[in-house]
Amino acid sequence: MSLVHINILMAFTMSLTGLLMYRSHLMSALLCLEGMVLSLFILATLTILNSHFTLANMMPIILLVFAACEAAIGLALLIMISNTYGTDYVQNLNLLQC
Amino acid sequence: MNLFTSSILLTLFMLTTPIMASSTNFYKSNKYQHYVKNMTLLAFIISLIPTTMFIHTNQETLISNWHWITIHTLKLSLSFKMDYFSLMFMPVALFITWSIMEFSIWYMHSDPNINQFFKYLLIFLITMLILTTANNLFQLFIGWEGVGIMSFLLIGWWFGRSDANTAALQAILYNRIGDIGFLLSMTWFLSNMNTWDLQQIFMLDQNSSNIPLMGLTPAAAGKSAQFGLHPWLPSAMEGPTPVSALLHSSTMVVAGIFLLIRFYPLMENNKPVQTMVLSLGALTTLFTAICALTQNDIKKIIAFSTSSQLGLMMVTIGLNQPHLAFLHICTHAFFKAMLFLCSGSIIHNLNNEQDIRKMGGLYKILPFTTTALITGCLALTGMPFLTGFYSKDLIIEAATSSYTNAWALLLTLIATSLTAIYSTRIISLTLLEQPRFPPLMSINETNPLLINPIKRLLIGSIFAGFILSNNMPPMTTPLMTMPLHLKLTALMMTILGFILAFEINTYSKNLKYPHPSNATNFSTLLGYFPTIMHRLPPHLVLTMSQKLATSMLDLTWTEAILPKTTAYIQLKASLLTSNQKGLIKLYFLSFLITMTLTLLSFNYLE
């Protein structure tokens with residue numbers, strides 16, 4: 001694998017780790033989610049340009065569109081939580097416990 | 001020969017002239033009433049011409065005037081059938097209407113709308129004649145509905161009184177229920193015999209089906225107040241007395257019986273329908289006679305008496321004797337109309353008092369009315385050689401000597417004796433003993449407008465039976481021989497009833513009025529029939545329709561089946577299947593460790 005690929009994959013892995021291991025704020029999880037999507041986009045575009053497979057150029061663009069929608073929903077959920085609890089601390093999300 | 005058709009059409013046309021005059025100024029004057037009465041008198045005289053010709057030559061006529069419409073293969077035209085029944089009925093109806101109109105000049109004298117009253121009576125008479133002379137079912141239905149409408153308008157004459165409105169509505173509703181059967185028959189005739197003409201129906205009737213007669217029977221039951229559709233007749237006494245005398249004793253209520261008599265060629269081949277009609281008539285006559293025993297309103301007693309006699313006419317039809325039933329219609333009209341006129345005289349003279357418990361001692365005060373009342377009651381019970389005898393006795397003889405249902409016969413005989421009992425009740429409570437009304441009453445019967453109609457109907461009540469049965473051409477073989485005890489059955493039952501009534505009257509005259517027993521309550525409240533049937537079925541039907549429309553359709557099928565069920569299932573499922581403590585960070589961490597371990601193991605352990 002070339003160095004560029006390793007670089008981008010490292011970026012993806014770091015965002016993934018950031019998504020799964022965060023301290024208290026839900027906002028950081030959302031930010032890391034955005035980072036994951038962004039690194040995936042770059043990786044896909046570079047691979048397509050490198051292999052001259054421009055027929056698949058649609059895929060990253062559609063991925064970006066869906067990521068935008070998903071970011072909006074994520075932010076809306078964050079606002080709801082912030083309205084209910086005042087902060088976005090993760091330890092507050094325990095309504096479904098039995 | 002030539003005068004036959006001209007006289008018929010002249011009679012029918014003459015009666016419409018006063019109605020056409022009602023748009024002029026003449027309608028507002030006081031002479032209109034006498035004009036209408038004189039027109040009816042002249043119509044009666046002219047209608048005697050065809051009747052006499054018929055009696056002389058036994059020749060029937062069919063007048064078919066004007067072709068109205070042809071729908072596919074159905075040809076409808078204006079046609080009049082002048083046969084035995086309609087030619088005999090017309091003079092009788094016109095005579096009685098003439099007498100009643102003269103009476104109502106006296107009775108309704110103080111009414112401001114008296115001219116309209118006469119117009120309504122005249123329209124009623126015309127539609128009744130349309131009904132009796134109709135040759136096709138469509139024209140008959142026009143007359144049928146016409147008498148129903150006029151009955152509504154005339155019962156609700158004093159429409160400011162809510163009881164009168166209720167009674168008029170009740171009459172319309174019960175007649176409507178019967179009309180369902182009429183329409184069923186009309187449809188059957190149309191689709192199976194392609195006609196509504198009576199001639200074609202009688203010709204084409206080979207293997208007769210039950211359906212048309214089963215449809216005509218409820219129609220007759222609705223119009224003639226048989227059991228099950230009977231409560232409108234006593235309620236119809238809310239109308240003025242001339243209305244009760246004309247419509248609900250002589251003319252309209254016999255329309256149902258007349259319909260069944262018209263269809264006698266179909267009925268004489270159909271045993272099941274005859275049995276049904278017999279049972280219905282027997283049940284009616286006994287039930288209404290029982291109800292008549294404890295009523296306190298004089299008009300209601302006479303109304304129940306009418307209903308009982310109508311049941312007797314149904315029994316006669318059920319015995320396959322339509323001509324006897326017709327004879328009973330004609331004779332019954334005379335004395336029943338007279339009884340109503342006498343009760344009208346009593347009511348007006350006692351300042352509109354209708355309760356017989358507040359009448360009494362009129363024997364010496366109103367001698368003429370007393371005479372007429374007693375004669376009418378005796379004619380009703382079938383006193384030998386008065387009018388009622390010629391038809392009622394023949395009916396009982398035919399019933400006892402025919403191979404028929406013994407239960408129906410027994411009920412009819414019991415009703416005959418009950419007739420005598422309630423007649424005695426009327427006579428003894430209104431005429432005899434000491435007066436029970438307030439003393440300051442101005443009672444007189446000197447007005448000739450009151451006396452002459454009752455006098456004419458009195459002569460009719462005495463002699464009409466004799467005259468009619470000697471002049472009517474015999475259509476069936478009369479019954480000539482029977483054992484003596486069967487011949488005397490009717491007379492014995494009547495005498496038994498009279499003796500029983502006089503006995504009870506004598507020994508309980510001076511006793512204290514007791515608390516009414518269960519049997520008295522049953523009889524006075526008309527067998528609880530109106531109480532139950534006017535409340536329970538409407539409540540049930542309305543509740544059922546509300547449940548169907550609101551609960552079933554709206555709430556269930558459009559709301560609860562998909563939307564609410566889906567939401568409910570989701571809720572329950574998520575509550576059931578989730579088992580969390582809300583430790584999100586630990587869950588994410590375990591996911592990360594799992595992913596790392598997987599990647600490492602797949603990369604370095606091929």
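In this text the structure is predicted, and so the values were computed from the model without any measurement.

Okay, the overall build of chain B next. Of the regular secondary structure elements, chain B holds 25 helices and two strands. With the principal axes as the frame, chain B shows a C-alpha extent of 130 × 70 × 65 Å. Buried residues in chain B amount to 53% of all 606 residues. Long-range contacts, defined here as pairs at least 24 residues apart, represent 81% of the contacts in chain B between residues at least 6 apart. Carbon and sulfur atoms form 68% of the exposed surface of chain B, whose accessible area is close to 27900 Å². If you average the places of the 31 positive and of the 22 negative side-chain charges in chain B, the two averages end up 7 Å apart.

Residues and elements named next belong to chain A. Per the UniProt annotation, the sites labelled "transmembrane region" are residues 1-21, 29-49 and 61-81. Annotated as residues 29-49, this span is 100% helix and 0% strand, and its ends, taken at the C-alpha atoms, are 30 Å apart. Annotated as residues 61-81, this span is 100% helix and 0% strand, and its ends, taken at the C-alpha atoms, are 30 Å apart.

Turning next to the packing of helix H16 (residues 367-381) of chain B against helix H18 (residues 406-430) of chain B. All names here are of chain B. Two numbers describe how H16 lies on H18: the axes approach to 9 Å, and their chain directions differ by 170°. Put simply, H16 runs roughly antiparallel to H18. Every residue of H18 that contacts H16 at Leu 373, Ile 374, Cys 377, Leu 380 and Thr 381 is listed here: Thr 419, Ala 420, Tyr 422, Ser 423, Ile 426, Ile 427 and Thr 430. In the contact of H16 with H18, the residues fall into eight nonpolar, four polar and no charged.

Residue and element names in this part refer to chain B. Spanning 15 residues, H16 covers 21 Å between terminal C-alpha atoms, matching the ideal 21 Å at 1.5 Å per step. Counting buried positions over the 15 residues of H16 gives 11, a clear majority of the element. Those residues of H16 that fall on the buried side of the exposure criterion are Phe 368, Thr 369, Thr 370, Ala 372, Leu 373, Thr 375, Gly 376, Cys 377, Ala 379, Leu 380 and Thr 381. Packed against the buried residues of H16 are helix H14 (298-318), helix H15 (322-349), helix H17 (387-400), H18, helix H19 (448-471) and helix H21 (489-507).

Residues and elements named next belong to chain B. With respect to the element layout, Thr 381 can be found in helix H16. Exposure remark for Thr 381: the relative accessible area of 2% places this residue in the buried category. Looking at Thr 381, its side chain comes within polar contact range of the main-chain oxygen of Leu 378, at 2.9 Å. Not counting the four nearest positions on each side in its chain, Thr 381 is found in contact with Lys 392, Thr 419, Ala 420, Ser 423, Thr 494 and Phe 498.

When you tally the buried positions in helix H10 (residues 241-251) of chain B, you get 11 out of 11 residues, the bulk of the element. Every buried residue of H10(B) is listed here: Thr241(B), Pro242(B), Val243(B), Ser244(B), Ala245(B), Leu246(B), Leu247(B), His248(B), Ser249(B), Ser250(B) and Thr251(B).

Once that is clear, we can look at the pattern of salt bridges. All names here are of chain B. Enumeration according to the criterion identifies nine salt bridges over all chains in this entry. Salt-bridge contacts for Arg 161 lead to Asp 163; the nearest nitrogen and oxygen are separated by 3.5 Å. In this structure, Arg 357 engages Asp 355 in a salt bridge whose closest nitrogen and oxygen atoms are separated by 3.0 Å. Of the residues examined, Arg 357 reaches a relative accessible area of 43% and is grouped as partly exposed. Among the ionic contacts, a cluster of salt bridges with common partners joins Glu 145, Arg 176 and Asp 179.

Note on strand geometry: in a regular strand, side chains alternate between the two faces of the sheet. Residues and elements named next belong to chain B. Within strand E2 (residues 74-82), seven of the nine residues are buried, which leaves the element mostly enclosed by the surrounding structure. Pairing of strand E1 (residues 61-71) with E2 involves nine bridges; the strand directions are antiparallel. Bridge pairing in E2 places Thr 70 opposite Lys 75. Counting the residues between successive antiparallel strands, the hairpin from E1 to E2 contains two residues, one of them, His 72, with a positive phi of roughly 55°.

The next point concerns the layout of surface pockets. Over the atoms a probe the size of a water molecule is rolled, and this reveals where empty space is left. All names here are of chain B. Taken as a whole, the largest pocket holds about 1000 Å³ of empty space. Forming the walls of the largest pocket are 29 residues, and the residues nearest its centre are Arg 425, Leu 429, Ile 504, Ser 508 and Tyr 513. Tallying contributions element by element places H18 first for the lining of the largest pocket, with six residues. Looking at the lining of the largest pocket, you find at least three residues from each of domain 1 (1-512) and domain 2 (514-554). Taken as a whole, the second largest pocket encloses approximately 710 Å³ of empty space. Lining the second largest pocket are 27 residues, and of these Leu 324, Leu 394, Thr 476, Pro 478 and Leu 479 lie nearest its centre. When residues of the lining of the second largest pocket are assigned to their parent elements, the largest contribution, six residues, is made by H17.

Residues and elements named next belong to chain B. Within the secondary structure, Gln 139 is located in helix H5 (residues 137-155). Relative accessible area serves as the criterion here: at 6%, Gln 139 is assigned to the buried category. In contact with Gln 139, not counting residues within four places along its chain, are Ser 77, Leu 78, Ser 79, Phe 80, Ile 130 and Ala 134.

Residues and elements named next belong to chain B. Phi at Ala 225 is positive, roughly 55°, even though this residue is not glycine. Secondary-structure assignment places Ala 225 in the loop between helix H8 (211-223) and helix H9 (232-235). Of note in the backbone geometry, Glu 433 takes a positive phi value of approximately 60° without being a glycine. With respect to the helices, strands and loops of the structure, Glu 433 is situated in the loop between H18 and H19.

Reading guide: rules and limits
Residues numbered from 1 in each chain as written. Chains lettered and ligands numbered in written order. Predicted model: local features only at pLDDT ≥ 70, side-chain atom pairs only at ≥ 80, totals over all residues. Heavy atoms only, no water. Helix = DSSP H or I, 4+ residues; strand = E, 2+ residues; numbered from the N terminus. Buried < 20%, exposed > 50% of the residue type's maximum accessible area, 1.4 Å probe, protein only. Contact = heavy atoms within 4.5 Å. Areas by Shrake-Rupley, 256 points an atom, 1.4 Å probe, with all protein chains shown as cover. Lys, Arg positive; Asp, Glu negative; His and termini not counted. Charge placed at Lys NZ, Arg CZ, Asp CG, Glu CD. UniProt positions renumbered as here; feature names shortened; annotations may be inferred. Axes fitted to C-alpha atoms, helices over the stretch in contact; angles between N-to-C directions. Parallel < 35°, antiparallel > 145°, perpendicular 65-115°, else oblique. Nonpolar A, V, L, I, M, F, W, Y, C, P; charged D, E, K, R; others polar. Expected span 1.5 Å × (residues − 1). Polar contact = N/O pair within 3.5 Å; in protein donor to acceptor, adjacent residues only side chain to side chain. Salt bridge = Lys/Arg side-chain N within 4 Å of Asp/Glu carboxyl O. Pairing = 2+ DSSP bridges. 1 Å grid on protein atoms, 1.4 Å probe; cavity = no way out; pocket = protein on both sides within 12 Å on 5 of 7 lines; lining within 4 Å. Points joined across faces, edges and corners; volume = space filled by probe spheres on them. Domains from an automatic or database assignment.

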